[in-house]
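Results of the structural survey
In case you want the letters, here they are:
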Amino acid sequence: MSRSGPPQNPRTRPLKRPRQARARFTVQAIYDAYVRIWQRDGWEHLTTRKVALETGIAIGTLYDYFPSREALHSGYVRHCIEEMIRRIDEQVIAPTDLAWQERVRRLTRHLAGLTDNSDTWFSPEMMQLEPIVADTRSQQRAYNELLAIWHRVVDACPDLSPRPSDATLEALHLSAWGGRRYALQVELDDDRRRAWATELERICTLALTPPVD
């Protein structure tokens with residue numbers, strides 16, 4: 001048996017990525033309509049034709065990018081991961097005047113889904129679609145990209161010395177991302193999720209604090 005698992009069905013993959021500004025605007029409008037219909041009608045009543053009508057585009061235009069609703073979902077999840085990484089780059093890594101503790105605080109809030117509307121897509125119902133829209137290779141790619149965020153954040157911390165080990169960073173990554181997924185899977189209420197995020201920040205800060213000589 002292949003370690004990468006069964007190949008992803010081609011109809012569950014987006015056909016192409018938008019490159020030009022007009023195409024990016026169109027795909028963003030498709031995503032926005034997809035979320036509205038999902039939240040209003042549920043997955044069982046979501047069709048590509050409904051999304052095209054709500055977006056105000058021809059169904060053929062939608063099929064240029066997404067051959068099925070599963071491909072649309074796969075593209076949207078990918079888009080949300082990329083957007084979260086972009087926000088972390090802008091708000092956690094790029095600033096030059098942050099202490100490392102503040103970078104960790106901001107990072108854990110992003111990863112816990114407590115900033116903007118970053119967990120709109122990340123719901124128990126959508127997670128149930130993972131076996132359909134993502135093979136092991138796709139999941140490994142996302143895992144590696146999210147793990148790399150921890151390394152980039154640490155690289156942006158000249159005041160954090162010595163540098164944490166790779167094993168420590170991977171353990172924190174698993175704690176944050178795995179915790180978020182599990183909290184949503186069991187549908188923790190907002191108060192308990194915020195309490196978890198606060199404790200996650202404390203644990204991460206303790207794990208990264210240099211030992212006292």
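In this text, all values refer to a predicted model and were calculated from it rather than measured experimentally.

1. A word on the side chain of Thr108
Tracing the sequence through the fold places Thr108 in helix H5 (residues 100-111). For Thr108, the contacting residues outside a window of four places in its chain are Leu200, Glu201 and Cys204.

2. Notes on the pattern of salt bridges
Summed over the entire model, instances satisfying the criterion amount to 18 salt bridges. Here Lys50 and Asp41 are joined by a salt bridge, their closest N and O atoms 3.8 Å apart. Its relative accessible area of 23% is what places Asp41 among the partly exposed residues. The salt bridge involving Arg193 is made with Asp190; its shortest N-O contact spans 3.8 Å. Residue Arg193 and its partner Asp190 are both found in helix H10 (residues 190-208); the two are separated by three residues, about one turn of the helix. A residue is classified by how much of its surface remains accessible, and Asp190, at 52% relative accessible area, is exposed. One connected set of salt bridges, linked through shared partners, spans Arg17, Arg78, Glu82, Arg141 and Glu145.

3. As for H10
Here H10 is 19 residues long and its end C-alpha atoms lie 27 Å apart, about the 27 Å a rise of 1.5 Å per residue gives. Every buried residue of H10 is listed here: Arg193, Ala197, Leu200, Cys204, Thr205 and Leu208. Buried residues of H10, seen end-on, are gathered within an arc of 125° and therefore sit on one face of the element. Of the residues in H10, the exposed ones pointing more than 90 degrees away from the buried face are Asp191, Arg192 and Leu206. Residues of H10 that are buried sit in contact with H5, helix H8 (136-155) and helix H9 (166-185). The N-cap of H10, judged by a side-chain oxygen 3.2 Å from the amide nitrogen of Asp191 a few residues on, is Asp189.

4. What to know about the packing of aromatic side chains
What the rule picks out here adds up to six aromatic pairs. Residues Tyr65 and Phe66 carry aromatic rings whose centres are separated by 6.2 Å and whose planes lie at 40° to one another, so their mutual orientation is tilted. In terms of burial, Tyr65 and Phe66 fall into one category: buried. One Lys or Arg, Lys16, reaches over the ring of Tyr65 and ends 5.0 Å from the middle of that ring.

5. Focus on unusual backbone geometry
The residue after Ser161, namely Pro162, is reached through a cis peptide bond having omega 0°. Mapped onto the fold, Pro162 is located in the loop between H8 and H9.

About the criteria used
Residues numbered from 1 in each chain as written. Predicted model: local features only at pLDDT ≥ 70, side-chain atom pairs only at ≥ 80, totals over all residues. Heavy atoms only, no water. Helix = DSSP H or I, 4+ residues; strand = E, 2+ residues; numbered from the N terminus. Contact = heavy atoms within 4.5 Å. Salt bridge = Lys/Arg side-chain N within 4 Å of Asp/Glu carboxyl O. Buried < 20%, exposed > 50% of the residue type's maximum accessible area, 1.4 Å probe, protein only. Expected span 1.5 Å × (residues − 1). Arc of directions from axis to C-beta. Polar contact = N/O pair within 3.5 Å; in protein donor to acceptor, adjacent residues only side chain to side chain. Phe/Tyr/Trp six-rings, centres within 6.5 Å; stacked < 30°, edge-to-face > 60°. Lys NZ or Arg CZ within 6 Å of the ring centre and 35° of its normal.

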